[in-house]
Amino acid sequence: MRLRLSLVAAACLSAVIFPVSASAQPRMMIGFQDDPSLRWRDDRLAVFDVAQQANAGIVRTTVYWSRIAQTRPANGANPFDPAYRFDDLDEFVRNAGLHGMEVMLTIWGTPSWANGGKGQNYAPTSYATLQNFARAVATRYSGRFTGYPFVRYYTVWNESNLGQFLSPQYDSKGKPVGPAIYAKIYRAAYAGIKLGNARALVGIGETSARGRDRYLGRQGTQETESPGKFAELLSQQRPALKFDAWSHHPYPTSISGKPLAKTRWPNVTLSNMPRFESSLSTWFKRKIVMWVTEYGHETKPDEPQGVTFAQQAAYVRTALRYVAGDPNVALFIWFILRDDPTSAWQSGLVQRDGAKKPSFGAFAALASQYDGRSPQFFVKGGTDRPLVKYAALELWSRSGTGAKVGMTVAVYDQGKVIRTAQPTSVIGSDGWVSFRAPVKTVKGHDYNITIAANDANGNRVDRTVLVRAL
């Protein structure tokens, strides 16, 4: 079937004029984690609509191993073993795709059958059980099975430097043992994820912003390590750990704290992220990509010690602009989207009754401006027809892998249209579309390329990619 682009999509291009400054905008994946509202509440599909209005390009959720595998599977590496209960996660991943969003899955929580009933925050007795589970998850969402979307982003264990999520952090003599335990957990999960989907990206750490680095040894008191010390000790584990990014939660150290308030190292909030990144590069002897996988500011009156609605909006702008200005940060997750009576956090951009706080508009504007689904590409000057790609998850979710896509493309240089074209392509198994941009680049020029894409069923997506000729 030949594809015909909608006249509406083509007409929209003629009205788009990009200012020169648009070429300088950074790009990163921006979105939310909000398990109650996006995964469990009865109105979850409607809340996905709200996340879409906020221009979210990614949603994160926790994969509770202990809930999905309440009983031991016969074949833990089989994504369709009858012991597994993936129903709500399947729906979450599908809803994300329908709304054009990538997904990040954080694997956490050991089932009692895997560690002798010690608790979810203790490592499994056999790390092979975790590797098999991680492989099953990544295989299920590898894009190889009809009806199960591709998931690109994974992290392993939540806030691994806190005893609440990983215990023990110290031995009885006060020696840190958390990093060594986490290294074993991470290796097992990383191996399983890559076996299930070699194209998956896996983040390490998931570190909390602060910790004491001091053994207390008191029952009922959480043992913690600072993110800086935890990461340094983790870098010393052998064999060396493989990872695609370091995941961190740079919350302020107080509920009412400002985004860029000073923090004493080796605790790590936004203000000393650059030092953390430099230290990570030294410790791991490589350039480090950073994922901010949780961040937020709680608001009054539901959190009496929180900030005002106006302050939250201002802090959204400060935080997003700050991380967007950091070339090492590729991803930013706000925790949470909507305040909910079942959550202890009141950092939503939407109130419980659905009313949007002023921060919603601030977030939506910057999420659109920095949207990583419309990425940047760096090529040599003189490159003819550079290969570019963009996210079309909305189309994949409705038409599937290999579906034909027709496009109306316009290339802008210095805010002026210099070339138009109507190429065709197909949707990849990861929900992205590639094509050759109709331009021969000139060194030092930035090219904004607008794309109005349609599939054969009339579904549409609009993106803008940037090609920078070096």
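Please refer to the structure higher up on the page.
Residues numbered from 1 in each chain as written. Predicted model: local features only at pLDDT ≥ 70, side-chain atom pairs only at ≥ 80, totals over all residues. Heavy atoms only, no water.

A. Representation of the overall build of the chain. What the chain contains, in helices and strands, is 13 helices and 16 strands. Of the roughly 19400 Å² that the chain leaves accessible, carbon and sulfur atoms contribute 51%. Side-chain charges of the chain comprise 57 positive and 36 negative groups, with the mean position of each set lying 7 Å from the other. (Helix = DSSP H or I, 4+ residues; strand = E, 2+ residues; numbered from the N terminus. Areas by Shrake-Rupley, 256 points an atom, 1.4 Å probe, with all protein chains shown as cover. Lys, Arg positive; Asp, Glu negative; His and termini not counted. Charge placed at Lys NZ, Arg CZ, Asp CG, Glu CD.)

B. Here's a closer look at the environment of Gly109. Assignment of secondary structure puts Gly109 in the loop between strand E3 (102-108) and helix H6 (112-115). The buried category is assigned to Gly109, whose relative accessible area is 0%. Sequence spacing of Gly109 and Val426 is 317 residues, and the spatial spacing of their C-alpha atoms is 38 Å. Not counting the four nearest positions on each side in its chain, Gly109 is found in contact with Trp65, Ser66, Gln120 and Trp157. (Buried < 20%, exposed > 50% of the residue type's maximum accessible area, 1.4 Å probe, protein only. Contact = heavy atoms within 4.5 Å.)

C. Quick look at the side chain of Arg60. Among the secondary structure elements, Arg60 is positioned in strand E2 (residues 58-64). Given a relative accessible area of 0%, Arg60 falls into the buried group. Of the polar contacts made by the side chain of Arg60, one reaches the side chain of Thr106; its length is 2.9 Å. (Polar contact = N/O pair within 3.5 Å; in protein donor to acceptor, adjacent residues only side chain to side chain.)

D. Seen up close, the pattern of salt bridges. Following the criterion strictly, the structure yields 17 salt bridges and no others. Here Arg39 makes a salt bridge to Asp88, at a shortest N to O gap of 2.7 Å. Placement of the pair is Arg39 in helix H2 (residues 35-40) and Asp88 in helix H5 (residues 87-98), with a sequence separation of 49 residues. Classification of Arg39 by relative accessible area gives buried; the value is 5%. Linking Lys357 and Asp339 is a salt bridge whose minimum nitrogen-to-oxygen distance equals 2.8 Å. (Salt bridge = Lys/Arg side-chain N within 4 Å of Asp/Glu carboxyl O.)

E. Seen up close, the sheet that holds strand E5 (residues 201-207). The 8 strands are arranged E1-E2-E3-E4-E5-E6-E7-E8 in a closed barrel whose pairing can be described as parallel. In this sheet, adjacent strand axes meet at a mean angle of 30° when their direction is disregarded. (Pairing = 2+ DSSP bridges. Axes fitted to C-alpha atoms, helices over the stretch in contact; angles between N-to-C directions.)

F. Region of interest: the packing of helix H11 (residues 309-324) against helix H12 (residues 358-369). Look at H11 against H12: their axes get within 7 Å of each other, and the N-to-C directions meet at 15°. As judged from the angle between their axes, H11 and H12 are roughly parallel. Judged by the twist between their axes, the crossing of H11 over H12 is right-handed. Counted together, Phe309, Gln312, Ala313, Val316, Arg317, Leu320 and Arg321 of H11 and Pro358, Ser359, Ala362, Phe363 and Leu366 of H12 form the full contact between these two elements. Residues of the contact of H11 with H12, tallied by class, amount to 8 nonpolar, 2 polar and 2 charged. (Parallel < 35°, antiparallel > 145°, perpendicular 65-115°, else oblique. Left-handed = near helix turned anticlockwise from the far one by under 90°. Nonpolar A, V, L, I, M, F, W, Y, C, P; charged D, E, K, R; others polar.)

G. Molecular detail of the packing of aromatic side chains. The tally for this structure, following the rule as stated, stands at 29 aromatic pairs. Ring geometry for Trp246 versus Phe276: centroids 6.0 Å apart, planes at 85°, classification edge-to-face. Of this pair, Trp246 sits in strand E6 (residues 245-248) while Phe276 sits in helix H10 (residues 273-284); the two residues are 30 residues apart in sequence, bridging distant segments of the chain. Across the pair, Phe276 and Trp246 agree in class, each one buried. Through a chain of ring-to-ring contacts, the aromatic side chains of Trp65, Tyr84, Phe86, Trp113, Phe133 and Tyr141 assemble into a single cluster. Across the ring face of Tyr64, the terminal group of Arg67 is positioned such that the distance to the ring centre comes to 3.9 Å. (Phe/Tyr/Trp six-rings, centres within 6.5 Å; stacked < 30°, edge-to-face > 60°. Lys NZ or Arg CZ within 6 Å of the ring centre and 35° of its normal.)

H. Structural view of the environment of Phe32. Turning to its location among the elements, Phe32 is positioned in strand E1 (residues 29-33). Sequence-wise, Phe32 and Trp291 are 259 residues apart; in three dimensions their C-alpha atoms are separated by 13 Å. Ignoring any residue separated from it by four or fewer positions in sequence, one finds Phe32 in contact with Ala51, Ala54, Ala56, Ile58, Val59, Arg60, Ile333, Trp334, Ile336, Leu337, Leu349 and Phe363.

I. Structural context of H10. When the terminal C-alpha atoms of H10 are compared, their 16 Å separation across 12 residues agrees well with the 16 Å that a helix rising 1.5 Å per residue should span. Those residues of H10 that sit buried are Met273, Phe276, Glu277, Ser279, Leu280, Trp283 and Phe284. When H10 is viewed along its axis, its buried side chains cluster within an angular range of 165° and face the same direction. (Expected span 1.5 Å × (residues − 1). Arc of directions from axis to C-beta.)

J. View of the environment of Thr401. Along the chain, Thr401 falls in the loop between helix H13 (393-399) and strand E11 (404-413). Counting along the chain gives 35 residues from Thr401 to Leu366, while the straight-line C-alpha distance between them is 31 Å. Ignoring sequence-local partners within four residues, the contact set of Thr401 consists of Gly143, Trp396, Ile427, Gly428 and Ser429. Only 2.8 Å separates the side chain of Thr401 from the side chain of Trp396, close enough to count as a polar contact.

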